[in-house]
Each structure stands twice: as structure tokens, then as C-alpha cells.
4 protein chains.
Amino acid sequence: MIDIVTPNHTHAEIAIAAAEAGKHIITEKPLALNVEEAEQMYDAVKKNNVTHMVCYSYRFTPAVQYAKQLISEGRIGKVYHFRANYLQDFIMDPQFPLVWRLKKEVSGSGALGDIGAHSIDLARFLIGEFKEIVSMKETFIKERPLGEMTGGLSATSNTNSTLGKVTVDDAVAFLARFQNGALGTFEATRFAGGNRNKNKFEINGEKGSIRWDMENMNNIEVYFSDDEPGLQGFRLINCTEDIHPYANAYWPAGHIIGYEHTFIHLIHEFLSGIANKYQPSPNFEDGLINQKILKAIEQSSESKKWVDV
Amino acid sequence: MIDIVTPNHTHAEIAIAAAEAGKHIITEKPLALNVEEAEQMYDAVKKNNVTHMVCYSYRFTPAVQYAKQLISEGRIGKVYHFRANYLQDFIMDPQFPLVWRLKKEVSGSGALGDIGAHSIDLARFLIGEFKEIVSMKETFIKERPLGEMTGGLSATSNTNSTLGKVTVDDAVAFLARFQNGALGTFEATRFAGGNRNKNKFEINGEKGSIRWDMENMNNIEVYFSDDEPGLQGFRLINCTEDIHPYANAYWPAGHIIGYEHTFIHLIHEFLSGIANKYQPSPNFEDGLINQKILKAIEQSSESKKWVDV
Amino acid sequence: MIDIVTPNHTHAEIAIAAAEAGKHIITEKPLALNVEEAEQMYDAVKKNNVTHMVCYSYRFTPAVQYAKQLISEGRIGKVYHFRANYLQDFIMDPQFPLVWRLKKEVSGSGALGDIGAHSIDLARFLIGEFKEIVSMKETFIKERPLGEMTGGLSATSNTNSTLGKVTVDDAVAFLARFQNGALGTFEATRFAGGNRNKNKFEINGEKGSIRWDMENMNNIEVYFSDDEPGLQGFRLINCTEDIHPYANAYWPAGHIIGYEHTFIHLIHEFLSGIANKYQPSPNFEDGLINQKILKAIEQSSESKKWVDV
Amino acid sequence: MIDIVTPNHTHAEIAIAAAEAGKHIITEKPLALNVEEAEQMYDAVKKNNVTHMVCYSYRFTPAVQYAKQLISEGRIGKVYHFRANYLQDFIMDPQFPLVWRLKKEVSGSGALGDIGAHSIDLARFLIGEFKEIVSMKETFIKERPLGEMTGGLSATSNTNSTLGKVTVDDAVAFLARFQNGALGTFEATRFAGGNRNKNKFEINGEKGSIRWDMENMNNIEVYFSDDEPGLQGFRLINCTEDIHPYANAYWPAGHIIGYEHTFIHLIHEFLSGIANKYQPSPNFEDGLINQKILKAIEQSSESKKWVDV
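Model, not experiment: these values are computed from the prediction.

Draft legend 1. Seen up close, the overall build of chain A. Each helix and strand in chain A was counted, giving 7 helices and 14 strands. A compact globule built from 309 residues should have a C-alpha radius of gyration of about 19 Å, and chain A, at 20 Å, falls within 12% of that. Summarising its shape, the C-alpha atoms of chain A cover approximately 65 × 45 × 40 Å along the three principal directions. Among the 309 residues that make up chain A, the fraction classed as buried is 57%. Of the contacts made within chain A by residues no fewer than 6 positions apart, 71% connect residues no fewer than 24 positions apart.

Draft legend 2. A look at the relation of the copies chain D and chain C. When chain D is fitted to chain C, the best match, at an RMSD of 0.0 Å, comes from turning it 180 degrees and sliding it 0.0 Å along the axis. Such values leave the two copies arranged in the relation of a two-fold axis. Within chain D, Lys305 of chain D has its C-alpha nearest the rotation axis, a separation of 2.7 Å. In this assembly the copies share their binding face: 97% of the residues contributing to the interface of chain D also contribute to that of chain C.

Draft legend 3. Just the relation of the copies chain C and chain A, in detail. Relative to chain A, chain C is turned by 180 degrees and slid 0.0 Å along the rotation axis, the superposed coordinates differing by an RMSD of 0.0 Å. Of all interface residues in chain C, 100% are interface residues in chain A too; the two copies therefore contact each other through one and the same surface.

Draft legend 4. Main features of the sheet that holds strand S3 (residues 52-54) of chain B. Residues and elements named next belong to chain B. Spatially, S1-S2-S3 is the arrangement adopted by the 3 strands of the open sheet, whose pairing is parallel. The sheet is open, and its two borders are formed by strand S1 (2-4) and S3, each paired with just one other strand. Strand after strand, the sheet turns through a mean of 10 degrees between neighbouring axes, direction not considered. Relative to S3, strand S2 (residues 25-27) runs parallel, the two sharing 3 bridges. Across the sheet, residue Ile26 finds its bridge partner in S3, namely Met53. Relative to the sheet, helix H1 (residues 11-20) contacts S1 and S2, its axis offset from that of S2 by approximately 170 degrees.

Draft legend 5. View of the sheet that holds strand S1 (residues 2-4) of chain D. Residue and element names in this part refer to chain D. Here 3 strands make up an open sheet; going across it, the order is S1-S2-S3 and the pairing parallel. Two strands bound the open sheet, and with one partner strand each, they are S1 and strand S3 (52-54). Strand-to-strand twist of the sheet, defined as the mean angle between neighbouring strand axes without regard to direction, takes the value 10 degrees. With 3 bridges connecting them, S1 and strand S2 (residues 25-27) associate as parallel partners. Bridging across to S2, Ile4 finds its partner in Thr27.

Draft legend 6. Local environment of unusual backbone geometry. The omega angle of the peptide bond from Lys29 of chain C to Pro30 of chain C is -10 degrees, so this bond is cis rather than trans. Positionally, Pro30 of chain C belongs in the loop between strand S2 (25-27) and helix H2 (35-48). Backbone geometry at Asn49 of chain A places phi at a positive 55 degrees, although glycine is not the residue there. Here Asn49 of chain A is to be found in the loop between helix H2 (35-48) and strand S3 (52-54).

Draft legend 7. A look at the interface of chain D and chain C. Chain D puts 31 residues into the contact, and the matching count from chain C is 30 residues. Elements with a minimum of two residues in the side of chain D that touches chain C: strand S4 (79-87), strand S5 (130-138), strand S8 (171-178), strand S9 (183-189), strand S10 (198-205) and strand S11 (208-213) of chain D. Here the side of chain D that touches chain C is built from residues that sort into 14 nonpolar, 10 polar and 7 charged.

Draft legend 8. Quick peek at the interface of chain C and chain A. With 14 residues of chain C in contact, the opposing surface of chain A contributes 14 residues. At 5 residues, strand S13 (residues 234-238) of chain C tops the list of elements feeding residues into the side of chain C that touches chain A. Among the residues forming the side of chain C that touches chain A, the class breakdown is 7 nonpolar, 5 polar and 2 charged. Taken together, the 3 bridges between strand S13 (residues 234-238) of chain A and S13 of chain C define a ladder with antiparallel strand orientation. Residue Leu236 of chain A lies in a different strand from S13 of chain C, and its bridge partner there is Phe234 of chain C.

Draft legend 9. Highlighting the packing of helix H1 (residues 11-20) of chain C against H2 of chain C. All names here are of chain C. At their nearest, the axes of H1 and H2 sit 8 Å apart, and the two run at 10 degrees to each other. Considering their axes alone, H1 and H2 lie roughly parallel with respect to each other. Of the residues in H2, those in contact with Ala12, Ala15, Ile16, Ala19 and Glu20 of H1 are Glu37, Gln40, Met41, Ala44, Val45 and Asn48. Residues that form the contact of H1 with H2 fall into these classes: 7 nonpolar, 2 polar and 2 charged.

Draft legend 10. Molecular detail of the packing of helix H5 (residues 111-126) of chain C against helix H7 (residues 284-303) of chain C. Residues and elements named next belong to chain C. Close contact between H5 and H7 brings their axes to 10 Å; oriented N to C, the two are set at 120 degrees. The angle between H5 and H7 falls in the class oblique. Note that H5 runs across H7; the crossing there is right-handed. Residues Leu112, Gly113, Ala117, Ile120, Asp121 and Arg124 of H5 touch H7, and the partners they reach there are Asp286, Ile289, Asn290, Ile293, Leu294 and Ile297. Here the residues of the contact of H5 with H7 sort into 7 nonpolar, 2 polar and 3 charged.

Draft legend 11. Quick peek at helix H1 (residues 11-20) of chain D. All names here are of chain D. For H1, the set of buried residues is His11, Ala12, Ala15, Ala18 and Ala19. Buried residues along H1 cover an arc of 140 degrees about the axis, so they all sit on one side. Contacts from the buried residues of H1 go to S1, S2 and helix H2 (35-48). At the C-terminal side of H1, Gly22 shows a positive phi close to 80 degrees.

Draft legend 12. Seen up close, the environment of Val45 of chain D. All names here are of chain D. Along the chain, Val45 falls in helix H2. Residue class for Val45 comes out buried when judged on the 25 C-beta atoms lying within 10 Å of it. Sequence separation between Val45 and Lys165 is 120 residues, and the spatial gap between their C-alpha atoms is 36 Å. If sequence neighbours within four positions are ignored, Val45 has contacts with Ala19, Ile25, Val50, His52 and Phe284.

Draft legend 13. Molecular detail of the environment of Val54 of chain A. Residues and elements named next belong to chain A. Inspection of the secondary structure puts Val54 in strand S3. Each C-alpha atom, one on Val54 and one on Lys277, is 17 Å from the other, the two residues being 223 residues apart in sequence. Those residues in contact with Val54 that lie beyond four places of it in its chain are Thr27, Lys29, Leu31, Pro282, Asn283, Phe284, Asp286 and Gly287.

Draft legend 14. Layout of the pairing of strand S8 (residues 171-178) of chain C. Residues and elements named next belong to chain C. Burial within S8 is extensive, with 6 of its 8 residues counted as buried. Sheet analysis places strand S5 (residues 130-138) next to S8, joined by 8 bridges and oriented antiparallel. Bridge pairing in S8 places Ile133 opposite Ala176. Sheet topology places S8 next to strand S9 (residues 183-189); 7 bridges connect them, and they run antiparallel. The partner of Ala176 across the bridge, within S9, is Gly184. Between the end of S8 and the start of S9, which pair antiparallel, lie 4 residues, with Gly181 showing a positive phi angle near 95 degrees.

Draft legend 15. Expanded view of the pairing of strand S10 (residues 198-205) of chain B. Residues and elements named next belong to chain B. Among the 8 residues in S10, 7 count as buried, and that is most of the element. When strand S4 (residues 79-87) meets S10, the two strands line up antiparallel, connected through 8 bridges. Across the sheet, the residue bridging to Phe82 is Ile203, located in S10. Here S10 runs beside strand S11 (residues 208-213); their pairing, made up of 5 bridges, is antiparallel. Across the sheet, residue Lys200 finds its bridge partner in S11, namely Asp213. The antiparallel hairpin formed by S10 and S11 contains 2 residues in its connecting segment.

Draft legend 16. Seen up close, the confidence of the model for chain A. The predicted model of chain A has a mean per-residue pLDDT of 95, with 96% of residues at 70 or higher. Two summary scores accompany this predicted model of the complex, namely pTM at 0.96 and ipTM at 0.95.

Draft legend 17. Representation of the environment of Lys200 of chain C in the model. Turning to its location among the elements, Lys200 of chain C is positioned in strand S10 (residues 198-205). Leaving out residues up to four positions away in the same chain, Lys200 of chain C has contacts with Asn85, Trp212, Asp213 and Met214 of chain C.

How each quantity is defined
Residues numbered from 1 in each chain as written. Chains lettered and ligands numbered in written order. Predicted model: local features only at pLDDT ≥ 70, side-chain atom pairs only at ≥ 80, totals over all residues. Helix = DSSP H or I, 4+ residues; strand = E, 2+ residues; numbered from the N terminus. Rg over C-alpha atoms; globule rule 2.2 N^0.38 Å. Buried ≥ 20, exposed ≤ 12 C-beta atoms within 10 Å, placed from the backbone. Contact = placed C-beta atoms within 7 Å. Least-squares fit on C-alpha atoms with pLDDT ≥ 70 in both. Pairing = 2+ DSSP bridges. Axes fitted to C-alpha atoms, helices over the stretch in contact; angles between N-to-C directions. Nonpolar A, V, L, I, M, F, W, Y, C, P; charged D, E, K, R; others polar. Parallel < 35°, antiparallel > 145°, perpendicular 65-115°, else oblique. Left-handed = near helix turned anticlockwise from the far one by under 90°. Arc of directions from axis to C-beta. pLDDT = per-residue confidence, 0-100.

Quick look at the structure:
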């Protein structure tokens, strides 16, 4: 099996070669640089009949899985609203260099594909398919010092005084209608100071609401409108009890897990799929659909019109 | 002086008569049913040289005033993002009757003018003027039992089995660009279960961020990116110290004030304006601009295009 | 009627004179300088048959009244734990002068009688009578500049360089057993930086738990152990709905009230008592019992032994 | 090396044998059943010159390490208060069986040694040595069904109808004075419904305050009294930045770690000690001192007097 963790513009070549070699594949997200590549990749894994996943790992947070379960059981009824913010702040310093994530030819897009794509995946997982969207995007810092960094996202700025053009978005926001009638509002930005990795969503349904925030990823807040009058309020639930998804693999209730476990659970699902001969999700099909939504968002931000997904 | 607290379709007639009688006027928001009425009202108060305010009272929360002060002093630098939600849930029950707030001819609009207008006012107060918007709106419950209620918003549902058409929005969301380049995302809905009056905003600037939520209206959260590394985080500030706006009129720090004080402060400002011969804000001009934005939002939701404000 | 809001050493004389003149009386807390005075005051109001209350106003927060209601209805079952902190920080500056609250002959005690007495009253209201206690107290700043201040608690420090001795406690903590078997832990301090008025408690019973914090006084957190597995968690309830105590006298749900309303409710109760010929609580008997507990705490901190209340 | 994770009454025998065999040793906490055993164990590791640690793992949370660093650097000045609660609820059901943790001959004590010992360790780590304490303890459910469980803490109750006596405390609370003059209040209970593993502390010093809660273990709240007036408030800091202890071994800021990492860090420290020839902490000496404090607490709860530590 192959796990592709290289920059986005390399995913297609590696994945297609791996599929043709009969390897099962996990790839980092977004699936590809663009829809065309994504389609070729999806064709390749189907043709070669390999197991495939795309690493939208936040699905595998126990709290998110539990949200999915509650929604699937009808506990919040028909969904009216999905509201997602994915807020970061790691490139706010204008001296932060022009790393690969800021170059369209390597990354495909900026905040959109890097973090907005996660919100899109969560929306598809929890709410359903998109119908149409309208968007805006912005690049606040239009030029940055040249130079890559070896130290990861948090590396200190370099001192290269030559500037290059930032060719991706710093921030994107979009409105969406889902096929089931729910309304969605989304925002993904790398310019929200104080938000290191604020990946959050809120869902409002006819019978209840759910809120989640990655910075306290073990918690979920749940409201039921049929709770006894006077005692209605969001319940703060630490999803570390045996009854919560994945939690019985771990320590006693109240002892939290961290970010890496989202990957552990994803890989567990991947291996289960291989062992038990089913195709897990999110897979290349999910990755392709996600890529089409990314494309629609880019189109809308240029045409300034609603775009069908 | 006249304080107009009757339904929206009566504001214009009363206000114009009051202005012509030389009375100073406060009116509930939105200023009017539509832009035409709002213009007539603004003309009337100018012509008759009376003091006028429109009751966008949330501006007068000490925490919001303090946010304004921080922004004006440049403490968060250039603003990148304004993100506002105004979430309520009081009409989610389909048996909730067709009260005046759900009839366009009486209220002008639904969640948009009732609560979205507050977010718009806060945005104008804190960030600046709007440039353009794109929106969507929805009416989830399209017919409701006829009948008014005397018991206020929280009255129990009536049992009238005759249904009438809801002619206003239950929910609206819009994206905005401000004239200063900031991006805005807005959502106003009466279908967000568990949110009795969740009027909140977040502001991200180049040097810091600010968050506020009416349900804990005395608090404000402030982040500065130039805080010492390791010690950067949102500060939870209870705006009840003498140094905070209006707070020195009250009890010692940590002893909070409530909703009614936003009105007390507004009226204080109104009376100060009369006494000291200046025209306070928000006034009929603010009300008119707000009404134009409401109109643009309605237009965009129909045309499905961006609309200049 | 007479409302006594002068320093503690004046309560007895005024109250006794008022009672003898047949006046109904509200007095600030603690009731008196010491148990002896408190007994005389209680004797006076009984003998003269006047209505009397002592201003332990936090009882009258809707959220606290609601907690009382839940406990009385058996919703959390037998109580195991009561845990109260009353944390302030207004005298932490060593230059804060030797105001009357820091002189035993005027105030009776320090943090103990000023804020600890509030926690004691809440404990008696919510849990029941005390059985025994053990305590410690401390005066961290033993001498301070002489001089009163006119500006209230938050006045800036004076510059008097002559020092006088602080004769009351800066902080006190005590353990308690209640007559019903519950355990209590209490801490009252004016040296808890960042806590302007953190008057909070937590209650754990066999079937549920309740948490409250004055800094967000409209909220209460409630946990039920018989909530559905997986969905157990503290519910954050904004006690502003019609069903909550006193709330239907105010504005719609989610629009909070402030500190002064605790007094409004207390005075409402006082006037109801006068009008309807019943003796409201907390009254001088409550004030006397509270004073006996304060005395026991002082004794224990000196004897270093458990003291029966 | 030997890692002892068996019940408490087996630690001494295993550890002494391991020391005599020249093995480096980590043992679960508390170190032993009682002070006598703890002294023998400490003697054994000293005599045999092996590296030794006792698994008070919460010290190794990055947020706690960071708190230590701030205190050591004098950032909050002289400490006035340490306030610790360790609240759990896993044995509240009277049908929960008489597992080994509820038998004094196997566990030594109940909530005291199991969770209170953690708070004591954190207090010693962060504040310093204890001077004297006074305590109370309680066993709310005095008899329980016989029978062990294989499923860990969260196993469902058994149905054995024969009852046996619970010989340890369900809850303990104590007041403490530290040698440096700080006051401590502690509570450890397994009867605090809704608190799965609420291991929390608050520290108040002359220049600032720190708060931490294991249920959101990556966060720390820090207050500085010399922050600019108006902007004073607890900062909510997610200790996941490179500058925070241990954090640079992990993923980007805002992506949290979980409970197991406290052990990973402890073992890292243990191995560093072996490799670099120093004796890490917390070690058997810390375990012995902790055991002496546990003993003093037990003595005080019986004598009802303050006990020197």
C-alpha cells in the first residue's frame, strides 16, 4: 500500500502509478490539483480495483462520528443549517515566505483547498451533497519573500528580500444550498489571528443542534428542543465514553485523545476495507466530488454568480 | 420627544408627524418598511431639525463600545474579517402562529430586518461601510396557523387550524465586501435551535482579533498577535471595570449588567445629543443606510447576483 | 421601612431603633459585627413584629432560584458535595489603603464576612444547615497605608505613607459537614487575581450536578446521570425563559439581566412579605445563623480544631 | 527496566526485587500501600543506584510544564493560593462492585490515593512542600456487591447480591498550608456526577493567576495583573506551539495531543535520566513524600486536628 503525503501537484502521478501497480492507496487531501487530475485518479483506482482513501481525517474524530450517528438516527430531524469556519493564522506575517502552499501550480489553491476542503468534506459527510454555491475569495498579502522553509508551518520567517507573487487565496467564504434543502455558510481563512486551527461547525435541525470545534476535539455540544422546558441547553459532552465511536479502544472516560488519532482511525478503516473487501470512505470518489466543489467555488469567485455543483 | 415602538409599518407615519410637530424621535429598528419610507423619514427629521435615533441598541453594550474603541485606536490593525451570526429559535415550532413579524406588509422582512439588521448595524459601527453583497434567504415553514398572540415572543402556540402564508424569510445569509477591503460573512436565522438570542461577532485584524456574544454580553474576548510568544491567546475580559465604557456608572467590577442597559445607554446618548446640540448615532441616516443594505440583500437573494450597496 | 446600607458596625443600633419604631427593615449583610449584636437585632424585630430581611441578594438570581427548585424537587437526589469559591482581587495591591472593610472594629471580619458569608448563605439556602466546620484564614498584607477612599472599591490607591495594621482576614477557607451528610468546601479570598467577583458553586448529588458562577449569572449548568448514555454532559442553560424564576417579568429569552435584579427580586420578596403578611427569607434569623457560622469559622482558625456550628 | 502497573499492594515487593536486580524502575502511583513500604522502596533504589520514577504523569502535560515554567520565572510572583479539585463519578452507582480500588488492603486508600495523590503531586511540583493539613473524608456507599470486573473502570455493574464493606474513602477534602506561606484547598471525590476526570487546579499569585483542567488538557488559562488596564483577563492558551514544552515534537499549533502523551513524556524523561546519568522527577523520593502527606491526611481525618507534614 502507498500513502501519498507529498505536495498536491504530485498526487496524480504517484497515485496512478500506484494503482497500476495494484497498490492500495491513501492520499493526502485535496485529492489533486484540479478536477481533471482527480478524474484520472479515480478512473485509475476503479480500473485497477484497489482500495483507496483520501485523508479527510477530521471525519474520524470520535465527536464527529458521534455527530454523524445522531444525525443519521434522526435525533436532530431535518437539517436547516450547517455553519462551518476553518480559521488559521500561520501566514499572517507578511514576511512569511512564499512556500509551496502559496503557489497555485503546486497546491491548486490556498485556504480553499487546504482547509476549506476539510469543511466541505465534513459537510458532505454530515449533511449531504451540495446543490449550488456562491463565493468570494481574497489574497490579503499579494507578494511575499521567496524561499521555502524546512521547519514546517511554524518555521520562522526567512530574510530573503526578493518578493514573489502569491497565486492562491488567503481566505475564501461561500454560501451553499444542499440538495436536501439545508443552507450552508462556510469560511476558510489563514488570516484569523488567535485561531491556530479553529476547525468548527454548527448544525441546526428541526429537533436539535450540534456544535464541534477541533481545538477541543473530544467535546461535542448537543441541544435537543424536546428536552424538558427549563432544562434546555447545549450539553457539553466529552466523547470519551465507551459508548462513543472509537472511544472503547482507549483509556477511561475523561482522558482525552489527540489529533493523531484521527489518522489512526482512518487507517483502521482503510485496513478494515482491505481485509473485509469493502471500499471505505472518504475515498477517491469523495475526493473527486470535493474537487468539483472547489472548482465551483473558484468559478463563482470569478464570475460573481451562483454555480451549480 | 417620541419613542416609536410600534410595528415596522407604522414607523414612517408616526415619525414624520412627530418631526413635523418638532419632536425629537427615537424609533425601533428597522427604521421603516422599505427604503422609500426611510428616505421620507430622514428628510422629515432633517427638515424639521429634530434629534433622531434608531434603536440599534446593541452598539451600546459596554463590550461593543470597548471593541469599537480598540479598533479605532488601531489595536487590531487593518481589519480582514467580520463574521456575524444572529441566531434565534423562537419560531421553529410549525404551530407558532402567523404573527405580524411573519407578514411582509407589516414587518418588511423576517429574520433579515429583525435581527440581521442588528448585525449590519454592528458591522457599520465597527468595520465601516459596505461595498457589495451576495445573499440567500429561505422560508422553512411556508404556512402557519392564523392568529396574533398577546403574550410576546414566547407565548405558547395557538390552536387556530386555518393556515396563512408566511411572507418573510426565516433565515438569511450573505457575504459582503466592505469598502475598506474587509470580508464579511453574515447569517441571521430564527431556526437555530438552542440559540435563544445568539447575537455574536468575530473580528480578525492584522494585529489582533475580537469576539463578542450577546448571551454573555458583558464579556469580550481579545487576542493580540504581538503578545509574548507562548502567552498568546484570547483574553476573556469582563467589561465591568471603571475603565470600560459606561461601566463606571454601575457597581464594582465583576457585577454584570443586562440587556436593558443597552437601551439606557442609547437614551443617555439621545438626551446628551439634545442637551448638547449634537446629532447622536445611530440615527435616521444610519437607519436609511441600513435599509438600503437590507434592500440589496433582498435583491441579491432574488437575482442570485452580487449587488452593490 | 428602613434599608440599612451603612458599614457593619452600625447595623445593630439602626436596626434596633427601627424595629422599636415599628419599621420594616432590610439590612446589608453580614447582619452584624458579631453574634451578640445579631441576637439583639433578631430579638428586636421579633418583639416588635416587623418584617425583616438581610440582603443576601445572590439567592435571588433566577439561576440560583432555579437550582433551589431543582434540588427541592429531588432532581439531583441526595446531595454529596457543595463546593463554593468566592474569589475577588480588589485589594491585592499593597498600596490599597486601610479602608473600613479592613478594620475588624468596623467590619467584623474580612473576606469571611464580606464574601464568605454569601457562600454560607447560598449553602444554607441550597443544601441545608451546617453541622461542623474547620477553617484557616490568612492576612497576606499585614499593614497598609492609612486613609479611606471615596471612590468605592475600585478607587485608585492613595499615597498616605503612614501604615496601619490590617485586622481582618484577606482569605479564608473551610471544610464543612452539613447536617444532611453533605460535604462542603469553601474558599473566600480577595487575593485571587483575575477574579473580579467570581462567586461560584458546584453541587454534586446522587442523580445530578449543578454549577453556577456569578460572573455569568444568568447561566446555570446542570447534569443528570440518568440522561441517555452518550448524551450525558452539563447543559448550559440561560435562565431567561418564562419558565425560569422571575424571568417572565423581563424581556424575551436570551436577553440577560444583571446584578441589580438580585436586589429588585429581594425587595419584591420583602414587599410581598409585608403585603401578604408572611416573613420572607433570608431574614434576621438567617442572618443570625450565618453570624454563628462566621464565629465558628473564626474560632476554628484560632483553635485549629473542628467547631460545631 | 521494570514498569510496575499492578495494584498498589504489590508495588513494594516488585520494586525492591527489581532494584536488587539492578533494574531501573517506573512504578504506578501511589508509590506504595503506606509510608513504611515507601521508605523501604526508596531505600532499595538508593542502595542499588537504579533510576526510579513514580508515574505522576500529569506533570508531563505540556500545559502543566508551562505553568511550572511561568511560576519558576516569577511571572505570577509569590503564590497565595493553590486550589485543586479532582472530580470523578465512575463509582456513583451503588451497584458498582467492590473492586480492588475499594479495598484498603489492596489500594491503601480510595479517592485520596488514587486521585488526590495526583493533586498533591501537582501541588508539590508547582507550589512547593506542604507544611500542615487538616482533612475530612467520607464513604458515601458503605457496602457494595462483591466481585471484581475485567472490563476496567467503565465496566457495567455486576449482579452479585452479596455485599461487602467498602474500606476506603469515596471522597476527601483538605486544607493545607505550604512552607512558602501559600494556602491550599483540595478535594478528591468519585461522587461528582458529570465529572468523568475533572483534574483541575487554579493558582493565584501576587502578579497573576493560572488555571488548568485535564478535560481540556492542552489549554491553560493565564492572567497577569500587570496587563494593560481594560485588557486584563484570563488568556486561553492552547499549549501546542513550538515554544510550549514538548510541543515541538508534535504537529502544528492547534492540533492537540491526548492523555497518553503525558506518559510518553514521562518515559522520555526516564530514558533521558538513564542515558544522561541524572535522577529524574517525580521519583521514589517524591513518591515517599507524597505517601507521607497521604498518611497525614488520613490521620487528620481521624483525629480531626491539623497535622504537620
